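Residues per chain, in single letters:
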Amino acid sequence: MIAILAMIFLFAMIAFVTNLCSPMAVILKNNFHVSEFLAQVGNYGNFGAYLVMGVPAGLLIQKFGYKKTALIALIVGIVGLLFQRTSESLGFAVYLVGAFISGMCVCMLNTVVNPMLNLLGGGGNRGNQLVQIGGVFNSAAAVCVYILMGWMIGDASTAKVSAATPALMIALAIFVFAFIVIFFTKIKEPPQPKHDADHNRYSCYSFRHFKLGMLAIAVYGAVEVCPPTYILSYLTSPVDAVNPGLGMDARYVGTLSAVYFIFMLIGRFIGGLVGGKVSPRAMIASVSLAAVVLVGVGMLLPVDVTISFPGIDYVNLCLIWGEIPVGIFAFMLIGFCASVMWGGIFNLATEGLGKYTAKASGAFMMMVAGFAVLIGIQAVVIDLTHNYIGSFVVVLLAAAYIFYYALWGSKNVNTDIPVV
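Residues numbered from 1 in each chain as written. Predicted model: local features only at pLDDT ≥ 70, side-chain atom pairs only at ≥ 80, totals over all residues. Heavy atoms only, no water.

**Concerning the overall build of the chain**
Counting its regular elements, the chain contains 20 helices and two strands. Buried residues in the chain amount to 56% of all 420 residues. Intrachain contacts of the chain at a sequence separation of at least 6 include 81% that bridge at least 24 residues. When the accessible surface of the chain is totalled, it reaches about 16,700 Å², and 71% of it is carbon and sulfur. (Helix = DSSP H or I, 4+ residues; strand = E, 2+ residues; numbered from the N terminus. Buried < 20%, exposed > 50% of the residue type's maximum accessible area, 1.4 Å probe, protein only. Contact = heavy atoms within 4.5 Å. Areas by Shrake-Rupley, 256 points an atom, 1.4 Å probe, with all protein chains shown as cover.)

Next comes the structure, spelled out in structure tokens:
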């Protein structure tokens, strides 16, 4: 139980550090006078680190085990946060370096947390349930970051990196605390594979369902990050812009990101409750089909049919209301569907891998770099068609592939490979 709680605690830390990047973009634009594209370098560095660190993280687990890898990750995270804190005086490039180092940290933590929760639960439904419960705390931390950062930023036009110091110091303190807790927590390590003849013949890439799962987690990025990203772009873009939107007030629209993550939080909470009774295959098939329907509805409904929708006033910590198209509300509901996909896809992709699980986890994390790729693909579609709503076909195709993977692609057809 202590080991499970430690892993869930790290799950929350992953979200806290990762979701600092988007609010920090508001600060970077004013502090360093850079464009919107450059202001998002925190996200590029964070997700890009997965591409570099995914496989090495799996190798670290094989060499040192899960506990020592988690401790190494926390040290790396502390260094990354210190870089970001000093960037106001040392320059914009220092912030990018800090974001990249922090990305390496969360990649290693993800590589540890997901398989450990799955293994501690014994795999199957129980393993998936623990991953979903971890996801609840992950989403809760994400919501807290947006509320905390919004309160500290205040007037975006005058915000400096120093305004984020309390959040960075909180993250730093939690990392130190997590290091102490993990250091003194006894975690029973699963046996690491020895280099034998089977390892020369086979690897995690020998399993078809794992390779298809790697693609599933890459395109999952479109389902999780593209809706909140381009809902905001569409609603705030002027009606006479090259890529026209609705020209709504950015102060209200900007609050919808937190609401989207609240939907994810609720979805993960429900997933955690039912995860022990519902198989990952059934769960992912259901939510991916629902996502396909929601995207289709959102693309077809007329924009002049609206609904009142709440946002959050971060400064006064109260709800504010505005009118958004019903179709946009359908896109927001995708948060419920995306909430359980990560844990479920991971569970399906690594089920039955046995001694190849550690390396598979690292390779799996490497595919998180696909999140940035999918954001870019939808942006290209928008620039080519000048149509934000039509660009959600990218999300539709991604959800359709995940539906295919859940029902057919996730079946292990390589049961003849020794995994013990």
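Additional details are given in the paragraphs that follow.
**Topic: the environment of glycine 272**
Following the sequence through the fold, glycine 272 ends up in helix α13 (residues 256–274). Relative accessible area serves as the criterion here: at 5%, glycine 272 is assigned to the buried category. Expressed as a C-alpha distance, the spacing of glycine 272 and glycine 134, which sit 138 residues apart in the sequence, is 8.2 Å. Non-local contacts of glycine 272, meaning those with residues more than four positions away in its chain, are made with Gln129, Gln132 and Ile133.

**Regarding the confidence of the model for the chain**
For the chain, the mean per-residue pLDDT works out to 82, and 88% of the residues sit at or above 70. Mean pLDDT across the elements of the chain bottoms out in helix α9 (residues 197–201) (60) and peaks in helix α20 (residues 393–409) (96). (pLDDT = per-residue confidence, 0-100.)

**Digging into unusual backbone geometry**
If you check the backbone angles, histidine 386 has positive phi at about 55° while not being a glycine. Tracing the chain through its elements places histidine 386 in the loop between α19 (370–385) and α20. Among the residues examined, histidine 386 registers a relative accessible area of 39% and is labelled partly exposed.

**What about the packing of helix α6 (residues 92–120) against helix α17 (residues 341–350)?**
Look at α6 against α17: their axes get within 11 Å of each other, and the N-to-C directions meet at 70°. In terms of orientation, α6 lies roughly perpendicular with respect to α17. Touching Asn110, Asn114, Pro115 and Asn118 of α6 are Trp342, Phe346, Asn347 and Thr350, all from α17. Tallied by class, residues from the contact of α6 with α17 come to three nonpolar, five polar and no charged. (Axes fitted to C-alpha atoms, helices over the stretch in contact; angles between N-to-C directions. Parallel < 35°, antiparallel > 145°, perpendicular 65-115°, else oblique. Nonpolar A, V, L, I, M, F, W, Y, C, P; charged D, E, K, R; others polar.)

**Notes on the packing of helix α10 (residues 208–224) against α17**
Where α10 meets α17, the closest approach of the two axes is 9 Å, and the angle between their N-to-C directions is 170°. Between α10 and α17, the crossing angle belongs to the class labelled roughly antiparallel. Only Met341, Trp342, Ile345, Leu348 and Ala349 of α17 make contact with α10, whose side of the interface consists of His209, Phe210, Gly213, Ala216, Ile217, Tyr220 and Val223. Here the contact of α10 with α17 is composed, by residue class, of ten nonpolar, two polar and no charged.

**Description of the packing of aromatic side chains**
Under the definition given, this model contains 15 aromatic pairs. When the centroid spacing of 5.1 Å and the interplanar angle of 80° are considered together, the rings of phenylalanine 183 and phenylalanine 184 count as edge-to-face. Exposure remark for phenylalanine 183: the relative accessible area of 44% places this residue in the partly exposed category. Residues tyrosine 401 and tyrosine 404 carry aromatic rings whose centres are separated by 5.7 Å and whose planes lie at 45° to one another, so their mutual orientation is tilted. Of this pair, tyrosine 401 and tyrosine 404 both sit in helix α20, separated by three residues, roughly a single helical turn. Given the relative accessible area of 17%, tyrosine 401 is considered buried. With a relative accessible area of 33%, tyrosine 404 lands in the partly exposed category. (Phe/Tyr/Trp six-rings, centres within 6.5 Å; stacked < 30°, edge-to-face > 60°.)

**Some words on α20**
Among all positions in α20, only Val394, Val395, Ala398, Ala399, Tyr401, Ile402, Tyr405, Ala406 and Gly409 are buried. In a view along the axis of α20, the buried residues occupy a sector of 155°, so they form one face of it. (Arc of directions from axis to C-beta.)

**Thoughts on the nonpolar core**
Counting residues in each nonpolar core, the largest one holds 127 residues, and the members touching the most others are Met7, Phe210, Tyr220 and Ile345. The biggest single contributor to this core is helix α1 (residues 2–18), with 13 residues. Contacts of isoleucine 345, omitting those with residues within four sequence positions, involve Gly213, Ala216, Ile217, Tyr220, Ile284, Phe364, Ile402 and Tyr405. Formed by nine residues, the second largest nonpolar core is a distinct cluster that contains Phe32, Val41, Val161 and Ala164. (Core = buried A, V, L, I, M, F, W, Y, C linked by side-chain atoms within 4.5 Å.)

**Description of the side chain of glutamate 224**
Structurally, the position occupied by glutamate 224 is in helix α10. Separated by 2.4 Å, the side chains of glutamate 224 and tyrosine 220 make a polar contact. For glutamate 224, the residues in contact, after removing those within four places along its chain, are Tyr260, Phe261, Met264, Ala338 and Phe371. (Polar contact = N/O pair within 3.5 Å; in protein donor to acceptor, adjacent residues only side chain to side chain.)

**Describing the environment of asparagine 43**
As for its position among the elements, asparagine 43 is in helix α4 (residues 41–64). Separated by 56 residues in the primary sequence, asparagine 43 and alanine 99 place their C-alpha atoms 7.7 Å from one another.

**Topic: the environment of asparagine 31**
Along the chain, the position of asparagine 31 falls in helix α2 (residues 21–31). The spacing of asparagine 31 and lysine 160 is 129 residues in sequence and 5.1 Å in space, taken between C-alpha atoms.

**Some details on the side chain of threonine 18**
Summarising the element assignment, threonine 18 is placed in helix α1. Only 2.8 Å separates the side chain of threonine 18 from the backbone oxygen of isoleucine 14, close enough to count as a polar contact. Not counting chain neighbours up to four residues away, the residues in contact with threonine 18 comprise Asn46, Phe47 and Val106.

**Some points on a nonpolar patch on the surface**
On the surface, Ile266, Phe269, Ile270, Leu273 and Val274 cluster together into a nonpolar patch covering about 440 Å² of accessible area. You can see valine 274 is positioned in helix α13. (Patch = residues over 30% accessible without salt bridge, like charges linked within 9 Å, V, L, I, M, F, W, Y side chains within 5 Å. Salt bridge = Lys/Arg side-chain N within 4 Å of Asp/Glu carboxyl O.)

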